[in-house]
Amino acid sequence: MNISDYIKEFGDKTFNERAFNEVDSLIFAELSYLYFEKLIELVPPEKTLSDLSVHMKELVEHTVLPRSNTKLLSNAATSARFKNVKVGWVNQSFDEEKTIQFAGVTFMLEDGTAVVAFRGTDASIVGWKEDFNMAFLSEIPAQGLAVEYLNKVAAEVTADLIVCGHSKGGNLAVYASVFCDKAVRSRIKAIYNHDGPGFNENIFSKAEYVEIKDRIFKLVPHDSLIGMLLEHTDDYKVVPCNSASIGQHNPFSWKVKDDNGFMEKPKTTITSKLADKTMYTFINDMTVDQRKAFVNGLFTVIEGCGVTFLYELRTEPLRRLNGMMKAYFALTGEEKKLMALGGMRFVKTWFKSIVSWNDEEQDS
């Protein structure tokens, strides 16, 4: 059973009849990927999911998972649990020049709770580049915008707050909850981080984080890759999935247990642990300037293929590849050297991680 099946199976109970749970939080995190800004940008929650579902094509078009999102919204819009949820204060920012991809959506439940959901990385090249910029920036633009958004929504409502997100949205949910105004932080009931990457700097010893850490719930798939990136804690729930490797980042592959939560595994896989160790070492072996130069060089090459969205890579592949090759050869000698060294360093770090992992297993 996945999140769409959960709505069909257990959607007969409203939030007044059955309390909000971790599965609901992933559903709202996934719904934040829909392009609500096309219909209701920066207005108080008035339209319900049922009202908005008539604009299905506009909402799901260009999302990473249009078919799955169509089913999810269809099920939600006809269920007692979700159909009367109101949507509002949709705020999005997209800027290629400044490398910003951000969106926040607020869902008002019938019991008065405000669920603030942050959109994860969309299908845009800009969104992915902003993610990679986490490797060398102490705060990416989307994180700062998330703090502002949470403070603004909290000023508009008197209700309790629940904050959630998937992928980069999970990172934003934690970041905004930690660095929002103290009065706002005290009103947050729970923060759900679904396979969101960690942080460039260790924020976990900060007083603001310590104050709220018991209300942060991180969930990752059992073969998690994205959720293991950068600095993170080891306090998370491991969810079994129907997919493998990076496919487990897809929320629709996560296995739901019952009307109150996901299934659970005792720990992540060896592949996930190796990826975690490899990326941690790879990033920390480079200076901040080297990380920045590597990411900029990488995306100069990617942007050479002339696409705005990842799904465009499927069209005219030879022309796209030719564009990337031209962009690579246009790099300076120093930039090419750094790209090559970065690639070699990653492979070397991966093999070292495997060797050290085998040694640890034999000693245990």
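Residues numbered from 1 in each chain as written. Predicted model: local features only at pLDDT ≥ 70, side-chain atom pairs only at ≥ 80, totals over all residues. Heavy atoms only, no water.

(A) Expanded view of the environment of Ala340. Note on placement: Ala340 falls in helix α15 (residues 333-363). Residues Ala340 and Phe294, spaced 46 residues apart in sequence, show a C-alpha to C-alpha distance of 9.6 Å. (Helix = DSSP H or I, 4+ residues; strand = E, 2+ residues; numbered from the N terminus.)

(B) Quick look at the side chain of His222. Looking at the secondary structure, you find His222 in the loop between β7 (216-221) and β8 (237-239). One polar contact links His222 to Gln248, side chain to side chain, over a distance of 3.1 Å. The contacts of His222, once residues within four sequence positions are left out, are Val238, Val239, Pro240, Cys241, Gln248, Lys265, Thr268, Thr269 and Ser272. (Polar contact = N/O pair within 3.5 Å; in protein donor to acceptor, adjacent residues only side chain to side chain. Contact = heavy atoms within 4.5 Å.)

(C) Representation of the environment of Leu298. Inspection of the secondary structure puts Leu298 in helix α13 (residues 288-303). In this structure the C-alpha to C-alpha distance between Leu298 and Lys336, which are 38 residues apart in sequence, comes to 9.8 Å. Beyond its immediate stretch of four places on either side in the chain, Leu298 contacts Phe132 and Met339.

(D) Inspection of helix α7 (residues 125-132) at higher detail. Buried residues dominate α7, accounting for six of its eight residues. Taken as a whole, α7 has its buried residues at Ile125, Val126, Gly127, Lys129, Glu130 and Asp131. In the core, the buried residues of α7 are packed alongside β2 (86-95), β3 (100-108), α8 (141-156), α9 (168-179) and α13. (Buried < 20%, exposed > 50% of the residue type's maximum accessible area, 1.4 Å probe, protein only.)

(E) Structural view of the pairing of strand β5 (residues 161-166). By the criterion of burial, β5 is predominantly enclosed, with six of the six residues buried. Because side chains alternate across β5, one face comprises the buried residues Leu161, Val163 and Gly165, and the other comprises Ile162, Cys164 and His166, equally buried. Looking at chain direction, strand β4 (residues 114-118) and β5 are connected through five bridges and run parallel. Looking at β5, one finds that Val115 is bridged to Ile162. Bridging between β5 and strand β6 (residues 188-194) involves six bridges; their strand directions are parallel. Each bridged residue has a counterpart across the sheet, and for Leu161 the counterpart in β6 is Ile188. (Pairing = 2+ DSSP bridges.)

(F) Here's a closer look at the confidence of the model for the protein. Considering every residue of the protein, the mean pLDDT works out to 88; 93% of them sit at 70 or more. Confidence over residues 355-364 falls short of pLDDT 50; this stretch has five contacts with residues more than four positions distant or in other chains. (pLDDT = per-residue confidence, 0-100.)

(G) Representation of the layout of surface pockets. Within this model, the largest pocket holds a volume of roughly 1200 Å³. Looking at the largest pocket, it is lined by 45 residues, and the ones nearest its centre are Trp128, Asp131, Phe132, Ile226 and Ile246. At the level of elements, α6 (66-77), α7, α12 (270-284), α13 and α15 are the ones that each hand at least two residues to the lining of the largest pocket. Its residues assigned to classes, the lining of the largest pocket shows 27 nonpolar, 11 polar and seven charged. In this structure, the second largest pocket encloses a volume near 180 Å³. Lining of the second largest pocket is provided by 13 residues; of these, Phe204, Tyr209, Ile216, Lys218 and Thr233 occupy positions nearest its centre. (1 Å grid on protein atoms, 1.4 Å probe; cavity = no way out; pocket = protein on both sides within 12 Å on 5 of 7 lines; lining within 4 Å. Points joined across faces, edges and corners; volume = space filled by probe spheres on them. Nonpolar A, V, L, I, M, F, W, Y, C, P; charged D, E, K, R; others polar.)

(H) Here's a closer look at the sheet that holds strand β1 (residues 47-48). Taken in spatial order, the eight strands line up as β1-β2-β3-β4-β5-β6-β7-β8 in an open sheet, and their pairing is mixed. Of all strands in the sheet, those with a lone pairing partner are β1 and β8, marking the two edges. Across two bridges, β1 lies against β2 in antiparallel orientation. Pairing of Thr48 across the sheet is with Lys86, part of β2. Its contacts with the sheet put α7 on β2 and β3, and the angle it makes with β3 is roughly 95 degrees. Across the sheet, α9 is in contact with β3, β4, β5, β6 and β7; its angle to β5 comes to roughly 145 degrees. (Axes fitted to C-alpha atoms, helices over the stretch in contact; angles between N-to-C directions.)

(I) The arrangement of the packing of α13 against helix α14 (residues 317-329) in detail. Contact pair α13 / α14: the axes reach a minimum separation of 7 Å and the direction vectors enclose 140 degrees. Here α14 runs oblique to α13, going by the angle between their axes. Facing α13, whose interface residues are Thr300, Val301 and Ile302, α14 presents Met324, Ala327 and Tyr328. Grouping the amino acids of the contact of α13 with α14 by side-chain chemistry returns five nonpolar, one polar and no charged. (Parallel < 35°, antiparallel > 145°, perpendicular 65-115°, else oblique.)

(J) Main features of the pattern of salt bridges. This model, assessed by the stated rule, comprises 10 salt bridges. Ionic pairing is found between Glu211 and Arg185, a salt bridge with its closest N-O pair at 3.3 Å. Of this pair, Glu211 sits in helix α11 (residues 207-212) while Arg185 sits in helix α10 (residues 182-185), placing them 26 residues apart in sequence. Judged by its relative accessible area of 32%, Glu211 falls in the partly exposed class. Sharing partners across several salt bridges, the network here consists of Glu130, Asp131 and Lys168. (Salt bridge = Lys/Arg side-chain N within 4 Å of Asp/Glu carboxyl O.)

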